[in-house]
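# A closer look at the structure
In case you want the letters, here they are:
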Amino acid sequence: MPVVNPEKLVALQRNPEGIRNICILAHVDHGKTSLTDALIATNGIISPKLAGKIRYLDSRPDEQIRGITMESSAISLYFSMLRRSAPDATPEQKEYLINLIDSPGHIDFSSEVSTASRLCDGAVVLVDAVEGVCSQTVTVLRQTWVEHMKPLLVINKMDRLVTELKMTPGEAYTHLTKILEQVNAVLGSFFQGERMEEDLNWRERVDERIAAAAKEKERLDEENTTGTNGSVDTESMTPSNQEFEEKDDEDLYFAPEKNNVIFSSAIDGWAFTVRQFASLYEKKLGIKRTAMEKVLWGDFYLDPKTKKVLAQKHLKGRALKPMFVQLVLDQIWAVYQATTGGDKGKGDPAMTEKITKSLNITLPPHITCSRDPRAILTTLFSAWLPLSTALLVSVIESLPSPPVAQEGRLPALIDASPGYTHVDPIIREAMIKSRSSKNEPVVAYVSKMVSIPESELPENKRRGGVLSPEEAREMGRRKRAEIARAQALENGTAEDPIDGLTDTLGSTAIEDVKVEDKEPDREHLIGFARIYSGTLSVGDSVYVLPPKFTPAHPHNSPEPQKVTVTALYLLMGRGLEPLTSVPAGVVFGIAGLEGHILKSGTICSQLEGSVNLAGVNMASQPIVRVALEPVNPADLDKMIRGLKLLVQSDPCAEYEQFESGEHVLLTAGELHLERCLTDLRERFARCEIQAGEPIVPYRETIVRAEEMKPPANKELGRGTVIATTTSKQVTIRLRVRPLPAEVTEFLGKNATAIKRLYSDRQAAEKRTDQKDSQESSEQEDVDEDDVVDNSKVLSLAEFKKQLQSTFESVKGQREIWANAVEQITAFGPRRTGANVLIDATKDCICGRFLRDSVEEKEQAVGDTLQARDFSDKVGYAFQLATAQGPMCNEPVQGIAVFLEEVTLTPSTDDESSARDKLGRLTGEVIKTVQQAIKQGFLDWSPRLLLAMYSCEIQASTEVLGRVYDVITRRRGRVLSEAMKEGTPFFTILSLLPVAESFGFSDEIRKRTSGAASPQLIFQGFDILDEDPFWVPFTEDDLEDLGELADKENVAKRYMDSVRNRKGLMVSGRKLVKDAEKQKTLKR
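Residues numbered from 1 in each chain as written. Predicted model: local features only at pLDDT ≥ 70, side-chain atom pairs only at ≥ 80, totals over all residues. Heavy atoms only, no water.

## Points about helix H31 (residues 1000–1007)
The complete set of buried residues in H31 reads Phe1000, Ser1001, Glu1003 and Ile1004. Projected down its long axis, H31 shows its buried positions confined to an angular sector of 165°, all on one face. Here the buried face of H31 lies against helix H22 (670–684), strand S30 (941–956), helix H30 (960–969), strand S32 (985–993) and strand S33 (1013–1024). Immediately beyond the C-terminal end of H31, within one or two residues, lies serine 1009, with a positive phi of roughly 55°. (Buried < 20%, exposed > 50% of the residue type's maximum accessible area, 1.4 Å probe, protein only. Helix = DSSP H or I, 4+ residues; strand = E, 2+ residues; numbered from the N terminus. Arc of directions from axis to C-beta. Contact = heavy atoms within 4.5 Å.)

Spelled out as structure tokens, the structure:
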């Protein structure tokens, strides 16, 4: 294959119609990188023989060892083909630039998929022909749907149907049909969900208009005595109630006749579309290609006598094969039979020769005589159905170019950005039309930062291996001197060995003999970006917009900084090529943003009216936390610097420093953690680092259990506490109750709505009594919250209505929660959690959180203290108590605290002012309320909530028992088990505690000899129905278990491990169980 010069690729960037930005998405191990290899081989970057084996874009050593992709990487490819501008026109040679991004399939690296998909216009979705639709397949299809990318389906690993499952062509056709149905069912579910939501919104709008029309009619009826005008006006308003527009979903689905489905085998290097075979059979059968395309897939049959195509109803009982089986699959199966089938898998040379003659293919003699049947197979297929041709032609014909794609995708993308109403119309128009002239505003989106060692930057490498004239002359002089010396020594004509030595030393540069004591390679951060409008050149000054930027308030703190672009790069997989400028529609690398962009951001040439494309955070939240420390304490600064670099270069990793001084790394999963630690040790920190045990999050809650210890105070009732401050001046009565499960779930889902309501309320209060300068800073906080989550949130009225109906749906406790919504004072912890503080005092001292209007602010402290003066202290104590529960200082979930009474008993001997008293009492009240809530909490039956993974495992029947054994031993719970039709594989769905998941993947692989591999997805928190404080107290329990409770209390084990890690007291732990006097030798 000819090697494509980078200059050629750079020249093609100027033609936006000839560019395709695509990413390859799939479940783990479905063949993305192997497929990419076949495409890279067309540009001469790797040998076609090594395609599928070398995995070129897996450039990290750990990616090669594990055999999975961990980072999305991009490469630009050149492809030329003959195309007709019109059906009757003569074909013309056209050149294309394909910017290809290979993404990981493992669930731990799903954030890499999110960053890749935002940069692309089309997606090639791979599905394994044996495994079918898996969990990550659904995830990546949803990603294409959300990002409005046009997908292309590749059914890969078709060779497994022949060699592994030994299917007949007819069985394979049925199996492929089912896979196609599964994929289309997933797309149909997305479409259905969107349509239902749109239908609901449309109905709400209609109801609003009808209500408005009715009000208008009433007003006119009052004004006019006749009332006829009212009906006319109502009629004039109803035309705006347009009928609900039904969208057609016909273009949504994959169908081979539409040429958006490719059948392939990346390892054997072949692929085809229905169109290819239609053109092959066009002359032979005398059927037009366009007609042939429509009938080659589906229930159509070829009459062998008349050569006519028949539908199923015209078969009249004849047992004919479908055309796809007869004309396509039979031929593929025949090639496999001829090359690798037959006796001992050596194939049939006579049959191979017959096939090559009928296809007009000539195999080289060294291949024909080869003893390796796979060499014959791959050579035959690469000549007949080359993978690269089928895939790249489909990409060019089916997927859109940047101008077409941006016109369809960007309006929705801009409208989803924060403050989109303030976006400059010029910028909006330039982005949608993909204008690339120098005068247009520059807008580019940086999806992630990539770390590159200094030695691998183009400016530090010799370009393309071409020497400069000076270097060539110097090398020639050295070579001639070496040859002359060698000849002189050989002929024995060397005049003096000393002269020869001096010559040798003279020709050796100082650098060659110097001991290598170089500084280790510095890491440079390069932005992985896509430009949407304008042209960006090296040396340009652009604004870097932070993730919380909004064009409504462009100068709010932190104000966007202006940076100078120091370098632009063409991304070529493992290498980079320097660029001077990039026009709209190109995927590129950008230097000069280090320290200005944390993970993702937007670059814009103007500040006012610019658009923030990084406002929506698509990445999954990290769940696994690990405390790190350097082996040598002197390396602490190195480790912290390394952690900051790692966080910038990894879209999902986060770094926190706890109050205890621990440096904690947050990652998406065990494999992601392993990769981050490797990067930290070898690249970013360059020092030995030891990681502690993974820190797993827990939640604490209370339930009403059948067997509970008696309440602490029977007269007051369970959960009721009367607490008095140490100075005896304030007495507080409160009651703690478990929140109904439905309410807890509702509050958990609507945390964003609570956060927005809190921000709006704060802003409204500030606006009533503060100056404009302070108002602007508060407005910024509110807008920041808007940007954090751009999803649809409930308004105050809707939130109250839904919360009220949730409380009313609780059976048997309606009286308790009757007025709860109106009395809610605060949510916690962090003001957004699933716990509520309810003010049940007579005077309503704490105010109402869900009020419709801003009430007057409380008056300042007067001459005498009142209960109302302590309202904010009680609220603060509630936040503290719910942030750290009594069991192991983990956040609390699902409790309601009813504040019933606050009584003040002022001391007579103290003559200080009310303000001085308030200062002294503040700490006492906070501490007392906090302790009271914890006492009320422990009066019920406490429970731990465990973080859970949803685990999907595909395993064959032979290893099913071992998989169950591992899941059960790790306290997992199997939810379902289903056999995939036509395959010997079972899909097992189970729930597994995160605390037990470390080493789970390795153990499954070891026990099943690599036959099963799990996918772990964070599912949420699940209650562990066991009281950590339970001890046997009934006669039966004492008789069965004894006083020591021989049965292990799992909840207590989890609780004690967390308490031990946090340095809290662990009750009931004996240092010495059976002490004996130590005997010494002296006595």
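## Some words on the sheet that holds strand S22 (residues 663–667)
Spatially, four strands are ordered S21-S22-S20-S23 in an open sheet, and the strand pairing comes out antiparallel. Looking along the sheet, the strands with just one partner apiece sit at the ends: strand S21 (654–657) and strand S23 (689–695). On average, each strand axis in the sheet is inclined to that of its neighbour by 30°, with strand direction left out of account. Note: strand S20 (residues 624–630) against S22, five bridges, orientation antiparallel. Following the sheet pairing, leucine 628 is matched in S22 by histidine 663. Most of the contacts of helix H21 (residues 636–649) go to S22, to which it runs at about 25°, and overall it touches S20, S21, S22 and S23. Against the sheet, H22 makes contact with S20, S22 and S23, and its axis sits at roughly 130° relative to S22, the strand it touches most. (Pairing = 2+ DSSP bridges. Axes fitted to C-alpha atoms, helices over the stretch in contact; angles between N-to-C directions.)

## Re the sheet that holds strand S29 (residues 895–904)
Here we have five strands laid out as an open sheet, ordered S25-S26-S29-S28-S27, and mixed in their pairing. The open sheet has two free edges, formed respectively by strand S25 (720–724) and strand S27 (824–828), since each of these has just one partner strand. Averaged over all neighbouring strand pairs, the angle between strand axes comes to 25°, with direction disregarded. Sheet analysis places S27 next to strand S28 (residues 835–839), joined by four bridges and oriented antiparallel. Considered in S28, the bridge of isoleucine 824 is made with isoleucine 838. Contacting S27, S28 and S29, helix H28 (residues 871–883) crosses the sheet at an angle of about 30° to S27.

## Some points on helix H33 (residues 1050–1062)
One full turn of an α-helix is made of 3.6 residues, so residues set three or four places apart face in the same direction. The terminal C-alpha atoms of H33 lie 19 Å apart, and with 13 residues this matches the ideal 18 Å at 1.5 Å per residue to within 8%. Along H33, the residues that are buried comprise Val1050, Ala1051, Tyr1054, Met1055, Asp1056, Val1058 and Arg1059. At its buried positions, H33 is contacted by strand S24 (698–703), S30 and S33. Just past H33, the residue glycine 1063 takes up positive phi, approximately 80°. (Expected span 1.5 Å × (residues − 1).)

## Observations regarding unusual backbone geometry
Geometrically, the link from glycine 828 to proline 829 is a cis peptide bond, its omega value of 0° lying close to zero. Within the fold, proline 829 resides in the loop between S27 and S28. With phi around 60°, asparagine 259 is a residue other than glycine that occupies positive phi space. Positionally, asparagine 259 belongs in the loop between helix H8 (228–237) and strand S6 (261–265). A residue is classified by how much of its surface remains accessible, and asparagine 259, at 7% relative accessible area, is buried.

## A closer look at the pairing of strand S3 (residues 92–102)
Side-chain positions along a regular strand alternate between the two faces of the sheet. The sheet contact formed by strand S1 (residues 19–26) and S3 spans six bridges and is parallel. What sits directly across from isoleucine 24, in S3, is aspartate 102. Sheet topology places strand S2 (residues 73–83) next to S3; eleven bridges connect them, and they run antiparallel. What sits directly across from arginine 83, in S3, is glutamate 92.

## A word on the nonpolar core
One finds Leu536 and Phe588 to be the most contacted residues of the largest nonpolar core, which totals 146 residues. Setting aside residues no more than four positions away along its own chain, phenylalanine 588 makes contact with Ala444, Gly527, Phe528, Ala529, Arg530, Ile531, Leu536, Leu568, Tyr569, Leu571 and Val582. Of all hydrophobic cores here, the second largest spans 100 residues; its members include Val140, Leu187, Leu302 and Tyr445. (Core = buried A, V, L, I, M, F, W, Y, C linked by side-chain atoms within 4.5 Å.)

## Some words on the pattern of salt bridges
Taken as a whole and judged by the stated rule, the model has 43 salt bridges. Between arginine 289 and glutamate 293 there is a salt bridge whose closest N-O contact spans 3.4 Å. Within this pair, arginine 289 and its partner glutamate 293 are both found in helix H10 (residues 289–295), separated by four residues, close to a single helical turn. What makes arginine 289 partly exposed here is its relative accessible area of 33%. For lysine 321, the salt bridge identified is with aspartate 330, shortest N-O distance 3.0 Å. Overall, the relative accessible area of 44% leaves lysine 321 in the partly exposed class. Connected via shared salt-bridge partners are Arg60, Asp62, Glu71, Glu523, Asp679 and Arg683. (Salt bridge = Lys/Arg side-chain N within 4 Å of Asp/Glu carboxyl O.)

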